Amino acid sequence: MNRPADIRYLFEPRSVAVLGASTDRGKIGYRLVENIVNGGYAGKLFPVNPKGGEVLGHRIWRSLDEVSEEIDLAVIAVPAKAAYQAVEQCAKRGVKHVPIITSGFSEIGNTEEERRMVRLAREHGMRLLGPNIFGIFSARSSLNATFGPADIHHGSVAIVTQSGALGIAMIGKTAVENIGLSAIVSVGNKSDIDESDLLGYLVADEQTRIILMYIEGVQNGERLVATLKQAALKKPVVVVKSGRSQRGAIAAASHTGSLAGSDEVFDAIMRQCGVLRGESLEEAFNWCKFLAAAPAPEGENTVIVTNGGGIGVLATDASEKYGIKLYDDARLLKEIFGPVTPDFGSTKNPVDLTGQAGPQQYNAALAAALANDHIDATLGLYCETAVFDAQTLAGMIRSNAEAYRKAGKPIVFSILGGEMTESCIGDLRKESVPVFGEVYQAVSCLGALYRHRRHAAEYSDAVAEAEIDVSLVEKSVASARAAGRTFMLPREARHLMKAIGVAMPQNAVAHNFEEAVRAADKIGYPVVMKIVSPDIIHKSDAGGVALDLENKDEVIDAYQAIMVNARRYKPDARLEGVEISQMLVRTTETIVGARQDKSFGPTVMFGLGGIYVEVMKDVAFRAASLSRKEAQLMVKEIRSYPLLLGVRGEKRKDIDAVVDTIVRLATLVRHCRSISDIELNPLIVYDSGQGVMALDVRVLIGDAQ
Ligand code: COA
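Because the structure is a prediction, the values reported are computed rather than measured. (Residues numbered from 1 in each chain as written. Predicted model: local features only at pLDDT ≥ 70, side-chain atom pairs only at ≥ 80, totals over all residues. Heavy atoms only, no water.)

A. Main features of the overall build of the protein. A count of helices and strands for the protein gives 24 helices and 29 strands. On the principal axes, the C-alpha backbone points of the protein span a range of 95 × 80 × 40 Å. Sorting the 705 residues of the protein into buried and exposed places 57% on the buried side. Intrachain contacts of the protein at a sequence separation of at least 6 include 72% that bridge at least 24 residues. Accessible surface computed for the protein: about 29,400 Å², of which carbon and sulfur atoms make up 50%. Charged side chains of the protein number 79 positive and 86 negative; the gap between the two group centres comes to 3 Å. (Helix = DSSP H or I, 4+ residues; strand = E, 2+ residues; numbered from the N terminus. Buried < 20%, exposed > 50% of the residue type's maximum accessible area, 1.4 Å probe, protein only. Contact = heavy atoms within 4.5 Å. Areas by Shrake-Rupley, 256 points an atom, 1.4 Å probe, with all protein chains shown as cover. Lys, Arg positive; Asp, Glu negative; His and termini not counted. Charge placed at Lys NZ, Arg CZ, Asp CG, Glu CD.)

Pasting the structure below:
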């Protein structure tokens, strides 16, 4: 096994071979050579085809073996059945990176052939890109090794895309939108090189200011989370993911798995990483274009300058949606904008210059906002009016945008009107002036800028580590496994809870009603009784639960009723007795869960119990490698958070203890991979300083992988 090749040579190869190079203009093997030649690649190019000959002034080599020079990159464009042999040729010649254009592998179920190529590559320290890709473009080496469009504008946005066809379309779109690219990489089946590998290079690449990723599915999510968190600290990372609509049904909270709709998990984890997730490709492109040119704001105080009340209100709504802080110091606003606003206008934010405003009024108001240090960004709104000479609109916007750019303060415009206004938008966008027709689009760009800024402030790379007794957890796992179970019995789960330091109510197991009474006397009334059986998971459905038992007689009656019910529910069930536990005052109920997510590995979830989770779907998710601060933000994120702060005279709840419990479960699923699911439901939260207590815990066991 050789050391894997440096990813740098994928983007900056000194020599490129094309296996499957063709003289037939209709073939991909021809297009690749044509794009490399016309794109201005300055390194050495070796087209390879057993037929030999010449293409676009370059000799075609009959085999890679004939080439004596070192080859950094070899693009494979031969049919699937010949691909393995081509990879073999590359391995033999010590090629560093091999983008495989060819389709017909894992995407159609031909997984073994793909794995075979990866195994071979790994043995030689060679990296594979794809298969099933359109190639790679890298501005740094003027390399267009794609069969996509020849016309790629060089610039500062790097695109990593899982969909090839969409990627090719994106190249076209960036050209129309005048977005310059520093790189575009198609990752296809991600058999070897994935987004994390590419981010490693792109984050360090100075030419790349923004990274845009189109993702369909995440495989090695744990690594991606760690890479993205770092990446988003350095530059904005924008993600578009398909599959948003497949919201996992949030069923009755019987199982953490059912709470974790995968798109919600993806969404939450992207936020945790500081990644900006676009709702659509259009939004993502808008952000990329805006962020590539926008200066970093000093703070978050934003003002809206408008000539229309209605559009101002729309922008105010949009600001709330995108988390934009509108500056609201009425006295200062009056001081700043009073001299430039007519008496019948408004100096409150939105600053309304009224429908009679012309370019001079706009210039004066926008300049006043630019000059004032309390204001960090401006949103300029315009509704077409007869008094504003439309011929001067573009000039007004252009000159103000330029003044803001020079001064390092962000500004974005939204202008609404007829044909003249529309054509003004088209012209200005070509010049990369941040102007939109739709208010929400303009505001969402500012929102993206602020969210990126906030990530750095909220970020902490210290993963919170709770003290847990891993060997005790493993004992509980082993006990369940020895009995052939994939879930823990209450006593095993109790041991596990002890091992991770989460309190549960006092309890005991009784095997007859005398024992039950003795236990209840010892614990103190009222008590709760539950059936103990390895064959009954849903105890309430089986009539195996009795609550609020006040005295000895009630305990005896309940014991007998539970046994009869359980026997009737499942005649062959093994009944091991009845668990008696302290009946707690149920105040605020929450759910804390953790699991091994298929894409992201260990994850945690939190929500308020009962209807809040089941009906309102009010839950928060995070990757389990989280800091204490991230766990705090997670708790704050749910809509019902105010209930934890205490409403209607209630005291604040022990939020610290909730955060502590989240950290404990996160530590557990990070260190004990065989715990596939754990859910504390409900976790009772007492008043501040009085802690939490898990009333019930459900633990599922899976593979340790
Ligand atoms: N080494 C070098 N060249 C070889 C070769 C080898 N081992 N085996 C075959 N070739 C040559 C062929 O002779 C042919 O050259 P020619 O035009 O001179 O005859 C060339 O490679 C291509 O082979 P061909 O059989 O003509 O295939 P093709 O060009 O029709 O298709 C692919 C090849 C890779 C394009 C096709 O198999 C494929 O996978 N297409 C889908 C690509 C795709 O969509 N990718 C995802 C994008 S998002």
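B. The arrangement of helix α24 (residues 655-671) in detail. Taking 1.5 Å of rise per residue, 17 residues should cover 24 Å, and α24 covers 24 Å from first to last C-alpha, within 8% of that figure. Where burial is concerned, most of α24 is hidden: 14 out of the 17 residues are buried. (Expected span 1.5 Å × (residues − 1).)

C. Layout of the packing of aromatic side chains. On inspection of all chains with the given rule, the structure shows seven aromatic pairs. Pairing F46 with W61 gives two aromatic rings, centres 5.7 Å apart and planes at 75°, and the pair type is edge-to-face. Linking F46 in strand β2 (residues 44-48) with W61 in the loop between β4 (58-59) and β5 (73-76), this pair joins segments that are 15 residues apart in sequence. Pairing Y382 with F388 gives two aromatic rings, centres 5.0 Å apart and planes at 70°, and the pair type is edge-to-face. (Phe/Tyr/Trp six-rings, centres within 6.5 Å; stacked < 30°, edge-to-face > 60°.)

D. Broad picture of unusual backbone geometry. The linkage connecting G130 with the following residue, P131, adopts the cis geometry, with an omega of 0°. With respect to the helices and strands, P131 occurs in the loop between β7 (127-129) and β8 (135-138). Residue N681 is joined to P682 through a cis peptide bond whose omega torsion reads 5°. Relative to the helices and strands, P682 resides in strand β27 (residues 675-685). With a phi angle near 70°, T354 is a residue other than glycine that sits in the positive phi range. Looking at the element boundaries, T354 is found in the loop between β16 (351-352) and α13 (359-371). For T354, a relative accessible area of 9% gives the class buried.

E. Local environment of a negative patch on the surface. Among the surface-exposed residues, D548, E550, D553, E554 and D557 lie close enough to one another that they form a single negatively charged patch. Looking at which element gives the most residues to the negative patch, the answer is helix α20 (residues 552-569), with three residues. Its location among the elements puts E554 in helix α20. The exposure class of E554 is partly exposed, given its relative accessible area of 32%. (Patch = residues over 30% accessible without salt bridge, like charges linked within 9 Å, V, L, I, M, F, W, Y side chains within 5 Å. Salt bridge = Lys/Arg side-chain N within 4 Å of Asp/Glu carboxyl O.)

F. Quick look at the pairing of strand β11 (residues 181-186). Within β11, six of the six residues are buried, leaving the element largely enclosed by the surrounding structure. Summarising the sheet, β8 and β11 pair through three bridges and their orientation is antiparallel. Residue pairing across strands places F137 opposite I184, the latter belonging to β11. Pairing of strand β10 (residues 154-161) with β11 involves six bridges; the strand directions are parallel. Its bridge partner lying in β11, T161 is registered against S186. (Pairing = 2+ DSSP bridges.)

G. Structural context of the nonpolar core. In terms of nonpolar packing, the biggest core is built from 59 residues, with L10, F11, L198, L202, M213, L228 and V237 touching the most fellow members. Top element by residues in this core is helix α9 (residues 262-273). It accounts for six residues. Sequence-distant contacts of L202, that is, excluding residues within four places in its chain, are made with F11, A158, V160, A183, T208, I211 and K235. Membership of the second largest hydrophobic core comes to 49 residues, among which are A594, A624, L644 and V658. (Core = buried A, V, L, I, M, F, W, Y, C linked by side-chain atoms within 4.5 Å.)

H. Structural detail: the side chain of N49. Within the secondary structure, N49 is located in the loop between β2 and β3 (54-55). With residues up to four places along the chain from it excluded, the contact list for N49 reads A21, S22, I60, W61 and R62.

I. Layout of the sheet that holds strand β12 (residues 210-215). Taken together, the seven strands give an open sheet; going across it, the order is β9-β8-β11-β10-β12-β13-β14, and neighbouring strands pair in mixed fashion. This sheet does not close on itself; its edge strands, each paired only once, are β9 (143-146) and β14 (276-277).

J. Local environment of the sheet that holds strand β19 (residues 435-436). The strand order β16-β15-β17-β18-β19 describes an open sheet built from five strands, whose pairing is parallel. Looking along the sheet, the strands with just one partner apiece sit at the ends: β16 and β19. Pairing of strand β15 (residues 302-306) with β16 involves two bridges; the strand directions are parallel. Its bridge partner lying in β16, V305 is registered against V351. This element, helix α16 (residues 439-458), spans β15, β17 (377-383), β18 (411-416) and β19 of the sheet and lies at about 170° to β18. (Axes fitted to C-alpha atoms, helices over the stretch in contact; angles between N-to-C directions.)

K. Broad picture of the site of the ligand. As a structural note, the neighbourhood of the ligand is formed by 19 residues, with S22, K27, N49, K51 and S103 the closest of them. For the ligand, a nitrogen atom lies 3.4 Å from a polar atom in the backbone of G20. At 3.0 Å from a nitrogen atom of the ligand is found a main-chain nitrogen or oxygen belonging to I101. Here the ligand has 970 Å² of accessible area as a free molecule, and 73% of this is covered by the chains. Taken together, the residues that form the shell around the ligand break down as ten nonpolar, seven polar and two charged. (Near = heavy atom within 4 Å. Polar contact = N/O pair within 3.5 Å; in protein donor to acceptor, adjacent residues only side chain to side chain. Nonpolar A, V, L, I, M, F, W, Y, C, P; charged D, E, K, R; others polar.)

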